[in-house]
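Given next are the chains, with one letter for each unit.
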Amino acid sequence: LFNTLNAIAEWCRIDGEVAEAAVLRLSGMLRAVLEGVKAPTWSLSRELDVVDELFALHLLRDKSLFTLTKSVPASLPPVVLPPMSLVSLAENAMKHGPGAGHRGEVTLSVTTEGDEVVIALENPGPYRGPREGSEGLPTLRRQLELTWGRRASLHVEAAGPERTRATLRLPRSTS
């Protein structure tokens, strides 16, 4: 949020149209955050809308920062997840990937495997293991456990020497 606001302040002097677009996207994201705070879960569709806004904000900053490839079925599986789950993964991918100077393709896919929905997010940049003092991924893991117990999982791993993949597995139902 703070980085985006600082970038918008700079764009106000340089490119008013980009600044306006960024404010509108940020406003939509903040509206979604406030909506998400009130709900224990929401649809995968709603979550993907917020993730799209996040990626669009990053691309406003620098169109050459990354390319985005999405493989998402037109008819999404009827699954719910804690609000901002994928947003946390997407922000993490951006921070440690393109935001850290690793340019390239960011991929997001949603598939089904049996009774699970599998969401994979891959970004350029080597996986360096869990960071001491990190709050994002441990918080997401706690949210998943509170929602589904051990029926959901999150794995972050190397996807080759210069890429990182986060894989979120969710049950299709909450029962």
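Scroll up to find the structure this text is about.
Rules and cut-offs
Residues numbered from 1 in each chain as written. Predicted model: local features only at pLDDT ≥ 70, side-chain atom pairs only at ≥ 80, totals over all residues. Heavy atoms only, no water. Axes fitted to C-alpha atoms, helices over the stretch in contact; angles between N-to-C directions. Helix = DSSP H or I, 4+ residues; strand = E, 2+ residues; numbered from the N terminus. Parallel < 35°, antiparallel > 145°, perpendicular 65-115°, else oblique. Left-handed = near helix turned anticlockwise from the far one by under 90°. Contact = heavy atoms within 4.5 Å. Nonpolar A, V, L, I, M, F, W, Y, C, P; charged D, E, K, R; others polar. Salt bridge = Lys/Arg side-chain N within 4 Å of Asp/Glu carboxyl O. Buried < 20%, exposed > 50% of the residue type's maximum accessible area, 1.4 Å probe, protein only. Pairing = 2+ DSSP bridges.

Asker: What am I meant to see in the packing of helix α2 (residues 16-37) against helix α3 (residues 44-61) here?
Answerer: Axis separation between α2 and α3 bottoms out at 10 Å; the angle between their running directions is 150°. With respect to their mutual orientation, α2 and α3 come out roughly antiparallel. Two packed elements cross with a definite hand, and for α2 against α3 that hand is left-handed. The segment α2 lies against α3, with V18, A21, A22, R25, L26, M29, A32 and E35 engaging R46, V50, E53, L54, A56, L57 and L60. Its residues assigned to classes, the contact of α2 with α3 comprises 11 nonpolar, no polar and 4 charged.

Asker: Looking at this model, I keep getting lost on the pattern of salt bridges. Mind explaining?
Answerer: One side chain can pair with another of opposite charge once the charged atoms of both are near each other. Within this structure, the stated rule accounts for 8 salt bridges. Residues participating in the shared-partner salt-bridge network are E122, E157, R163 and R165.

Asker: Before we go on, may I ask you to explain the pairing of strand β7 (residues 163-171) in this structure?
Answerer: Strand residues, when the strand is regular, have side chains that alternate between the two faces of the sheet. In terms of burial, β7 is largely enclosed, as 7 of its 9 residues are buried. Strand direction decides the pairing type here: strand β5 (residues 116-124) and β7, joined by 9 bridges, are antiparallel. If you follow I119 over to β7, its bridge partner there is L168. Relative to β7, strand β6 (residues 153-158) is paired through 6 bridges, and the arrangement is antiparallel. Following the sheet pairing, A158 is matched in β7 by T164. Hairpin geometry of β6 and β7 is characterised by an intervening segment of 4 residues between the two adjacent antiparallel strands and by a positive phi of about 100° at G160.

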